[in-house]
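A look at the structure
Listed here are the chains, written in short residue letters.
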Amino acid sequence: MNAHTPAPPAPEGLEGVVAARTVLSEVDGQAGRLIIRGRSLDDLIGQTRFEDLVSLLFEGFYEDLPADLTAALGVARSEVFAEVRHLDTDLAAQAPVEAVRALMARLADGDDLPTALRLIAAPAVFTPAVIRVQAGQAPIPPDPASPHAVDILRMLTGTPPSQTQAAGLDAYLVTVADHGLNASTFAARVVASTRAGLTSAVLAGLSALKGPLHGGAPGPVIEMLDGIGQPENARAWIEGALARGERLMGFGHRIYRVRDPRADALKGPVRALAASAGVRPGRVAFAEAVEAAALDILRTHKPDRPLDTNVEFYTALLLEALDFPPKAFTCVFAMGRVAGWLAHAREQLATGRLVRPQSVYVGPEPRQGS
Ligand code: ACO
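Just so it is clear, the model here is predicted, and its values are computed rather than measured.

Attention now goes to helix 6 (residues 113-134). Helix length check: helix 6 (22 residues) gives 32 Å between terminal C-alpha atoms against 32 Å at 1.5 Å per residue, within 8%. Most pronounced at Ala121, the bend in helix 6 amounts to some 30 degrees, and the proline Pro123 follows within four residues. Taken across its 22 residues, helix 6 has 18 buried, putting it largely inside the fold. Among the residues trailing helix 6, Gly136 stands out with phi positive, at a value near 80 degrees.

Pasting the structure below:
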């Protein structure tokens, strides 16, 4: 190979390409296992509050990291709430994720811990505010003394959540906080490698997350469930969607060839919420019937490609039970994943190396004499 012969191109979608070394998380697609900093997801769920997971992810990346982030995150939520005054009618007319992104873009760039904590606070504060303003209600300011998940739900509904509700949101935020080099985390690392700052890296992550093939899937899961309506309609609805060339949201994954362990991690909290007052009776059993029909049909539809349930299917049920509107589900995903984007951005910065792959030119050569 001479200097003019580029290496063979990586597969479209960079499948199988290793682009970073990380101490943060491992996604084992064959075993269906997720490890976050040496802890399995099963160990973390129900045992760990979101703020403690942030501490775990940030370990070694900040010398001034306090042992308990609860108070510092409370301060950060209060600080970013000042930006909510910029949520005007034009911004509120946009999709929630776009309105939240615009508010987050107002935050100054930087690499220090206060910047990182404000970025964690931002989707947690802006999402309830956007949802309320879109519903014609006034935003509710944060309570800096509250645990993070408790405060998010209080800012959403105006009343303190039950323990089951707060535990359900904590379980969700922990489940989605980090997941290897997914598309949004890769985007965040690329931007971080240019030394643009954490706000820029997080905005890149959020922009990648909003697509329906990534974090935009759970809203459409609710549309699918509502479209099906009754368990006996499931097969016909699903077969019709696949015949039209559509993908079933909440199924399939680039890495997992077995069931996404995050789907099962969320099942417990979903069931606990369903058993508590106020949740539509029969919703979980109906969703499980749709899931079973989908898995059966996908096996026949793509016999060579294992397609199983991914995290977004049970995310949809959990966030619905917590009263988040489906159009804002991606913002709730961002509340958790922002921790992973930031930890990866700090890890990427520590390498000091700009991410700059190559492409193979397949266009026309310049015309002779032009
Ligand atoms: N429904 C129907 N068919 C599917 C699905 C699905 N959910 N997922 C994959 N397939 C099909 C593809 O159409 C493709 O068929 P083809 O070879 O005839 O074109 C085949 O299975 C292989 O799929 P790929 O495109 O190679 O799978 P990839 O690894 O690129 O996709 C992805 C992963 C994007 C998640 C895909 O499974 C999908 O679109 N799922 C639905 C959206 C979704 O749930 N996204 C959330 C993912 S989890 C997360 O990001 C947090």
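So, on to the pattern of salt bridges. All chains considered together, the criterion is met by 24 salt bridges. Glu98 is paired through a salt bridge with Lys210; the nearest N and O atoms lie 3.5 Å apart. On the criterion of sequence distance, the pair formed by Glu98 in helix 5 (residues 96-104) and Lys210 in the loop between helix 10 (198-209) and helix 11 (218-228) is long-range, its members being 112 residues apart. Take Glu98: its relative accessible area is 25%, and that puts it in the partly exposed class. When its relative accessible area of 31% is taken as the criterion, Lys210 is described as partly exposed. A salt bridge links Glu347 to Arg189; the nearest nitrogen and oxygen atoms lie 2.7 Å apart. Within this pair, whereas Glu347 is found in helix 16 (residues 329-351), its partner Arg189 is found in helix 9 (residues 183-193), the two being separated by 158 residues in sequence. A single burial state applies to Glu347 and to Arg189, both of which are buried. If you follow the salt bridges from partner to partner, you end up with Arg49, Glu51, Asp52 and Asp68 in one network.

This next bit is on the pairing of strand 2 (residues 33-36). Two strands pair when backbone bridges link them, and strand 1 (residues 25-28) and strand 2 are joined in this way by four bridges, in the antiparallel orientation. Within strand 2, the position partnered with Ser25 by the bridge is Ile36. What sits between strand 1 and strand 2 in their antiparallel hairpin is a turn of four residues, with Gly32 showing a positive phi close to 70 degrees. Judged from the two bridges that link them, strand 2 and strand 3 (residues 39-40) form a sheet pairing that is antiparallel. Within strand 3, the position partnered with Ile36 by the bridge is Arg39. Where strand 2 hands over to strand 3, the hairpin turn is made up of two residues, of which Arg37 adopts a positive phi near 45 degrees.

Once that is clear, we can look at the site of the ligand. Every one of the 21 residues lining the ligand counts as a neighbour, but Leu248, Gly250, Phe251, Arg254 and Lys302 are closest to it. Within the backbone of Leu248, one N or O atom sits 2.7 Å away from a nitrogen atom of the ligand. In this structure, Asn310 approaches the ligand through a side-chain N or O atom, which is 2.9 Å from an oxygen atom. Taken by itself the ligand offers 910 Å² of open surface, and the protein chains cover 77% of this. Along the lines of polarity and charge, the residues of the shell around the ligand split into 11 nonpolar, five polar and five charged.

Our next topic: unusual backbone geometry. The phi torsion of most residues other than glycine is negative, and most of the peptide bonds are trans. Located in the positive-phi region is Leu14, a residue other than glycine, with phi close to 55 degrees. Counting through the fold element by element, Leu14 comes out in the segment before strand 1. A positive phi angle is found at Arg195, which is not glycine, with a value near 65 degrees. Its place among the elements puts Arg195 in the loop between helix 9 and helix 10. Arg195 sits in the exposed class, given a relative accessible area of 58%.

A common measure of how large an interface is: the accessible area buried when the components associate. When its domains are assigned, the chain resolves into domain 1 (23-212 + 325-351) and domain 2 (218-321). Just the C-alpha atoms count here: the centres of domain 1 and domain 2 sit 25 Å apart. The interface of domain 1 with domain 2 comprises 24 residues on the first partner and 24 residues on the second. Summing both partners gives a buried area of about 1,900 Å² for domain 1 against domain 2, and 76% of it is carried by carbon and sulfur. Applying the counting rule to domain 1 against domain 2 returns zero salt bridges. In this assembly, domain 1 and domain 2 are joined by three residue pairs in polar contact (both at pLDDT 80 or more). Elements supplying a minimum of two residues to the side of domain 1 that touches domain 2: strand 1, strand 2, helix 8 (163-176) and helix 16. Per element, the largest residue contribution to the side of domain 1 that touches domain 2 is seven residues, and it comes from helix 8. Looking at the side of domain 1 that touches domain 2 residue by residue, the class counts come to 13 nonpolar, eight polar and three charged.

About the thresholds
- Residues numbered from 1 in each chain as written.
- Predicted model: local features only at pLDDT ≥ 70, side-chain atom pairs only at ≥ 80, totals over all residues.
- Heavy atoms only, no water.
- Helix = DSSP H or I, 4+ residues; strand = E, 2+ residues; numbered from the N terminus.
- Expected span 1.5 Å × (residues − 1).
- Bend = angle between axes of the 7 residues up to and from the residue.
- Buried < 20%, exposed > 50% of the residue type's maximum accessible area, 1.4 Å probe, protein only.
- Salt bridge = Lys/Arg side-chain N within 4 Å of Asp/Glu carboxyl O.
- Pairing = 2+ DSSP bridges.
- Near = heavy atom within 4 Å.
- Polar contact = N/O pair within 3.5 Å; in protein donor to acceptor, adjacent residues only side chain to side chain.
- Areas by Shrake-Rupley, 256 points an atom, 1.4 Å probe, with all protein chains shown as cover.
- Nonpolar A, V, L, I, M, F, W, Y, C, P; charged D, E, K, R; others polar.
- Domains from an automatic or database assignment.
- Contact = heavy atoms within 4.5 Å.
- Buried area = accessible area lost by both parts, 1.4 Å probe.

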